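One letter stands for each residue in the lines below.
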Number of protein chains: 2
Amino acid sequence: MSTPLNAVIAQSGGPTAVINQSLVGAIEVLREAPAVGRILGARHAVAGIVKDDYVELQNLGQPHLEQVADTPAAALGSSRDRPDAAYCARILDSFARHDVRYFFYIGGNDSSDTCRLVLEQAQASGYELEAFHIPKTIDNDLVLNDHTPGYASAANFVARAFVGDNLDNEALPGIKLNVLMGRHAGFLTAAAALGRERDEGGPHLLYLPEVAVDEDRFLTDVDRVFTRRGRCLVAISEGIAGADGTPMAVKLAQRMQLPVEQDAHGNVQLSGSGALADALARFLKRNLGRPARVRADTFGYLQRSYLGSATPTDRFEAREVGRHAARTALETDRTDGSITIERIRDDPYGVRYGCVDLEAVAGKTRHVPLEWIEEGCDVNEAFIRYARPLVGELPRVARL
Amino acid sequence: MSTPLNAVIAQSGGPTAVINQSLVGAIEVLREAPAVGRILGARHAVAGIVKDDYVELQNLGQPHLEQVADTPAAALGSSRDRPDAAYCARILDSFARHDVRYFFYIGGNDSSDTCRLVLEQAQASGYELEAFHIPKTIDNDLVLNDHTPGYASAANFVARAFVGDNLDNEALPGIKLNVLMGRHAGFLTAAAALGRERDEGGPHLLYLPEVAVDEDRFLTDVDRVFTRRGRCLVAISEGIAGADGTPMAVKLAQRMQLPVEQDAHGNVQLSGSGALADALARFLKRNLGRPARVRADTFGYLQRSYLGSATPTDRFEAREVGRHAARTALETDRTDGSITIERIRDDPYGVRYGCVDLEAVAGKTRHVPLEWIEEGCDVNEAFIRYARPLVGELPRVARL
């Protein structure tokens, strides 16, 4: 019998409420496999791999693992590094030093691309490696997946926040803008509608990056709702842009001579800043043509990290994709791929897990279907039917 | 036997997670009293009273009332109006038209002052009125109270958000600033420390309005923590100001030529804007003297409205202060006053409810005791011992 070979697991990109469930799911299956020796967790993703910064995971007790699984954010640490060919060569060097045969990378579409690149270089250099991408992203923007682990919990946070903020806005009427995460995909912003009641109607307007919007159309929409209802609650994706692709954050900054921050990759910094929300509020106050109480919040990192937002379905499925990745590696002929979630039924809700080629997912972005978006400023029942089973029922609220 | 006289209940100021508990508590006691005829809820506080905009509350069923009690925000609607003498005269006119003998006003220190003013004018004009203020404020800044209903639930939200954000900041290290509500009192900002673990230490810095801070001291503190730990999580009250009383939001805007928004009362607008957080982040990036990932969030209205943040103790006590106000009006010689919560024990936690004169509370602001604040940038165990029984234990988190 050959010597058992080792496995590396890492977590990449923005943390979520359930990414540690996937980590624990993979560990649970791998530790039972005679073919697997050590299970190495890489600290801070690829950045840890190239520094041989590993923690041994095969001997942790189940009670400890269960606590880790229920802890939000990435227990191994994460990284925003996007490896190039030279970086991947250093990853493979580390794998060779540690007799690594199995690589599991939990992350979004950038991470699936990294996984693909590492595999490609391993094959080119004749290094025997099995590489699997385990899906995770609150943005819900992986192609070939019905949804991704992490989304439902973030959507639950957004939906609950909007139920409360809608009641707050009823109590103290005015115009309230809430900016949500989502540079290219509007799934999280759409979740603002999940707790909406038929008659009370907040949020009244939703803007997703899938549909171009300019600031004058935005002004007209808000003015119309505010005139009719005396209040207006708006959900806005951080990534909304005009028809030419210029982010709204940039357009308004130019129009009103406001400063713009950039992130490490040279993109306009959207997360971790209230700039877009404040610019939109300022634009409305200047251009509505009448006094109005305008307030703006940016939900920020709370969407992915708030302690207590994890939904039962999300926790369960995140664990399962971790297990499915390990089982696919150990029990099938597949030596690489990206784990998927496919919905088989709405009622009763049911899914099955699959595995597709890495290049089918890597670096691609899934968008909210245009037929779920109404007149560029709302989502319809098709989205609600899609998202309701993921988030579950929200607590009932009552009025006098 | 004389004709039963009527009661008016209203809710004022910023909504909370449990203000409707107090409303329901008052209704429960009043509806059983033969001396009370109709129970009138004023829509949007004093603004509704002067328009005779009332809803009858005495015939609502208990299941409906329980649902209302568990709904966040103000079910009657709220108002930011601050009545003057002429406004109070219109309030008394409405009371006279509706045979109102009892007035219950649920709110913060501005509301207790309104209650006092209405009572004073009633007495001056010979109108027989019993007027009671029922405490409510997430700011926790009413004098003569151990704490106020609404604070614990908001503190619970803040504590959970910081536990998650601290884990997020560990996973993707950098400098993270979170700005919290509290123009004059730092109780809510202090709550950021409630979930802090001894060894991991986030939040590392807390700035409360009780202690003056200038931007250069802030820079030095952040630089020290960031150098030592490679990350830094900071909690900042929106109301922090320099030694001369100038709000930090204004100082930084002047120093970096950024725009400043004002609210309807001509104060710098602190809530519903990310301006202070963004200005602090910008200031750090410009002045740290080395590259650093700096992100800033403003928790905003979520602190008071997020669906699901209400704590059991807060719900219970909010109901009790409503009941106690009604009982005091009906069963004691007192004809006016402000309901208080007094702590009688820490372990097991216990409180009793009292009633003090309106002018003892009205318009006054309670602050975080200076002996609970450490070196101007932290809170100590005295605060934790104070706040822990109110918020309860937080879910455990685990690390690898």
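Preceding block: the structure.
To keep things clear, this report deals only with the structure shown in the data block.

Here is what the cut-offs are and how they apply
- Residues numbered from 1 in each chain as written.
- Chains lettered and ligands numbered in written order.
- Predicted model: local features only at pLDDT ≥ 70, side-chain atom pairs only at ≥ 80, totals over all residues.
- Heavy atoms only, no water.
- Contact = heavy atoms within 4.5 Å.
- Buried area = accessible area lost by both parts, 1.4 Å probe.
- Salt bridge = Lys/Arg side-chain N within 4 Å of Asp/Glu carboxyl O.
- Polar contact = N/O pair within 3.5 Å; in protein donor to acceptor, adjacent residues only side chain to side chain.
- Helix = DSSP H or I, 4+ residues; strand = E, 2+ residues; numbered from the N terminus.
- Nonpolar A, V, L, I, M, F, W, Y, C, P; charged D, E, K, R; others polar.
- Buried < 20%, exposed > 50% of the residue type's maximum accessible area, 1.4 Å probe, protein only.
- Pairing = 2+ DSSP bridges.
- Axes fitted to C-alpha atoms, helices over the stretch in contact; angles between N-to-C directions.

## Regarding the interface of chain A and chain B
For interface size, the figure often reported is the accessible area lost on association.
And then number 1: Facing the 69 residues of chain A at the interface are 69 residues of chain B.
And then number 2: With both chains or domains summed, chain A and chain B bury close to 5500 Å², and 58% of this area falls on carbon and sulfur atoms.
And then number 3: Area buried by chain A at its contact with chain B is led by Tyr306(A), Leu307(A) and Leu400(A), which between them contribute 15% of it.
And then number 4: Across the contact surface, chain A and chain B share two salt bridges.
And then number 5: Two residues, Asp168(A) and Arg304(B), come together in a salt bridge whose shortest N-O distance is 2.7 Å.
And then number 6: Our count for the contact surface shared by chain A and chain B stands at 22 residue pairs in polar contact (both at pLDDT 80 or more).
And then number 7: Elements that contribute at least two residues to the side of chain A that touches chain B include exactly helix H3 (62-69), helix H6 (151-171), helix H10 (275-287), strand S9 (294-298) and helix H11 (302-305) of chain A.
And then number 8: Looking at the side of chain A that touches chain B element by element, the count peaks at 10 residues for H6(A).
And then number 9: Residues that form the side of chain A that touches chain B fall into these classes: 31 nonpolar, 19 polar and 19 charged.

## Let's talk about the environment of Thr313(B)
Residues and elements named next belong to chain B.
And then number 1: The residue Thr313 is located in helix H12 (residues 312-331) in this model.
And then number 2: The spacing of Thr313 and Leu30 is 283 residues in sequence and 23 Å in space, taken between C-alpha atoms.
And then number 3: Ignoring anything within four residues of it in the chain, the contact list for Thr313 reads Tyr349, Pro389 and Leu390.

## Quick word on the pairing of strand S4 (residues 100-107) of chain B
Residue and element names in this part refer to chain B.
And then number 1: In terms of residue burial, S4 counts as a mostly covered element, since seven of its eight residues are buried.
And then number 2: As judged from the six bridges shared by strand S1 (residues 5-11) and S4, these two strands associate in the parallel manner. Across the sheet, residue Ile9 finds its bridge partner in S4, namely Phe104.
And then number 3: Pairing of S4 with strand S5 (residues 130-135) involves six bridges; the strand directions are parallel. Pairing of Tyr105 across the sheet is with His133, part of S5.

## Some thoughts on the pairing of strand S2 (residues 36-42) of chain B
Residue and element names in this part refer to chain B.
And then number 1: Taken across its seven residues, S2 has five buried, putting it largely inside the fold.
And then number 2: The sheet contact formed by S2 and strand S3 (residues 54-56) spans three bridges and is antiparallel. Residue pairing across strands places Leu40 opposite Glu56, the latter belonging to S3.

## A few points about the sheet that holds strand S4 (residues 100-107) of chain A
Residues and elements named next belong to chain A.
And then number 1: Read from one edge of the open sheet, seven strands run S3-S2-S1-S4-S5-S10-S11, paired in mixed fashion. What marks the edges here is a single partner per strand, and that holds for strand S3 (54-56) and strand S11 (349-356). Direction aside, neighbouring strands of the sheet carry axes that sit 25 degrees apart on average.
And then number 2: Note that strand S5 (residues 130-135) and strand S10 (residues 336-346) share three bridges and pair parallel. Within S10, the position partnered with Phe132 by the bridge is Gly337.

## Details of the sheet that holds strand S6 (residues 175-180) of chain B
Residues and elements named next belong to chain B.
And then number 1: Within the open sheet, the four strands sit side by side as S7-S8-S6-S9. Their pairing is parallel. Edge positions in the sheet fall to strand S7 (205-207) and strand S9 (294-298), since each has one partner strand and no second. Strand after strand, the sheet turns through a mean of 15 degrees between neighbouring axes, direction not considered.
And then number 2: Bridging between S6 and strand S8 (residues 232-237) involves six bridges; their strand directions are parallel.

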